[in-house]
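# Notes for the structure review
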Amino acid sequence: MSPDTKTVSARITGKVQGVSFRAWTRQQAQSRALSGWVRNEADGSVSAVFSGSARMIDEVIVLLQDGPQAARVEGVEIQAATEPEDIGFGIVG
């Protein structure tokens with residue numbers, strides 16, 4: 001991975017399920033040519049992994065603070081992560 005790329009995991013809490021958060025996240029990631037995935041968690045949060053341009057990931061992280069219109073984001077936790085095996089960005093689970 002070059003110095004201008006990175007991989008992070010995100011955990012988003014609040015009213016983030018049942019509001020098209022995963023589809024919105026996929027759209028944001030794909031429009032920035034990021035790889036990774038997004039999924040709903042049993043505790044009501046949403047998890048995601050983003051890999052690609054550090055600048056594009058930083059943009060997505062800012063957008064995650066609000067999410068799609070119907071969402072009510074309470075928190076976003078970001079951690080370094082391992083690069084996903086698959087290229088592209090998908091909804092899993």
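Just so we're clear, the structure is a prediction, and the values are computed from it rather than from any experiment.

## A word on helix α2 (residues 54–64)
- Looking at α2, one finds that the buried residues are A54, M56, I57, V60, I61 and L64. Seen from one end, α2 has its buried residues packed into an arc of 160°, which puts them on one side. Facing away from the buried side of α2 by over 90 degrees, the exposed positions are R55 and V62.
- Of the surrounding secondary structure, the elements contacted by the buried residues of α2 are β1 (5–15), α1 (21–30), β3 (46–53) and β4 (72–80).

## A look at the packing of aromatic side chains
- A full pass over the atoms with the stated rule returns 2 aromatic pairs.
- Centroid distance F50 to F89: 5.5 Å. Interplanar angle 20°. Geometry classified as stacked. With F50 in strand β3 and F89 in strand β5 (residues 89–91), the pair connects residues that are 39 residues apart, well separated along the chain. Grouping residues by exposure puts F50 and F89 together as buried.

## So, the side chain of R32
- Mapped onto the fold, R32 is located in the loop between α1 and β2 (35–40).
- Residue classification places R32 among the buried residues on the basis of a relative accessible area of 18%.
- Only 3.0 Å separates the side chain of R32 from the side chain of Q28, close enough to count as a polar contact.
- When sequence neighbours within four positions are dropped, the list of residues in contact with R32 reads M56, E59, V60 and L63.

## With respect to unusual backbone geometry
- Despite not being glycine, S20 has its phi angle at roughly 65°, a positive value.
- Along the chain, S20 turns up in the loop between β1 and α1.
- Notably, A33 is not glycine yet its phi reads approximately 60°, a positive angle.
- Looking at where A33 falls in the secondary structure, it is placed in the loop between α1 and β2.

## A short note on the environment of V16
- Among the structural elements, V16 can be located in the loop between β1 and α1.
- Judged by relative accessible area, V16 falls into the buried class, the value being 1%.
- Residues V16 and R72, 56 residues apart in the sequence, show an inter-C-alpha distance of 6.5 Å.
- Not counting the four nearest positions on each side in its chain, V16 is found in contact with F21, G44, S45, V46 and V73.

## A few points about the UniProt feature "domain: Acylphosphatase-like" (unreviewed entry) in the protein chain
- The UniProt entry lists residues 7–93 under the feature "domain: Acylphosphatase-like" (unreviewed entry), expressed in the numbering used here.
- Structurally, residues 7–93 is divided into 24% helix and 40% strand, and its ends, taken at the C-alpha atoms, are 20 Å apart.

Parameters at a glance
- Residues numbered from 1 in each chain as written.
- Predicted model: local features only at pLDDT ≥ 70, side-chain atom pairs only at ≥ 80, totals over all residues.
- Heavy atoms only, no water.
- Buried < 20%, exposed > 50% of the residue type's maximum accessible area, 1.4 Å probe, protein only.
- Helix = DSSP H or I, 4+ residues; strand = E, 2+ residues; numbered from the N terminus.
- Arc of directions from axis to C-beta.
- Contact = heavy atoms within 4.5 Å.
- Phe/Tyr/Trp six-rings, centres within 6.5 Å; stacked < 30°, edge-to-face > 60°.
- Polar contact = N/O pair within 3.5 Å; in protein donor to acceptor, adjacent residues only side chain to side chain.
- UniProt positions renumbered as here; feature names shortened; annotations may be inferred.

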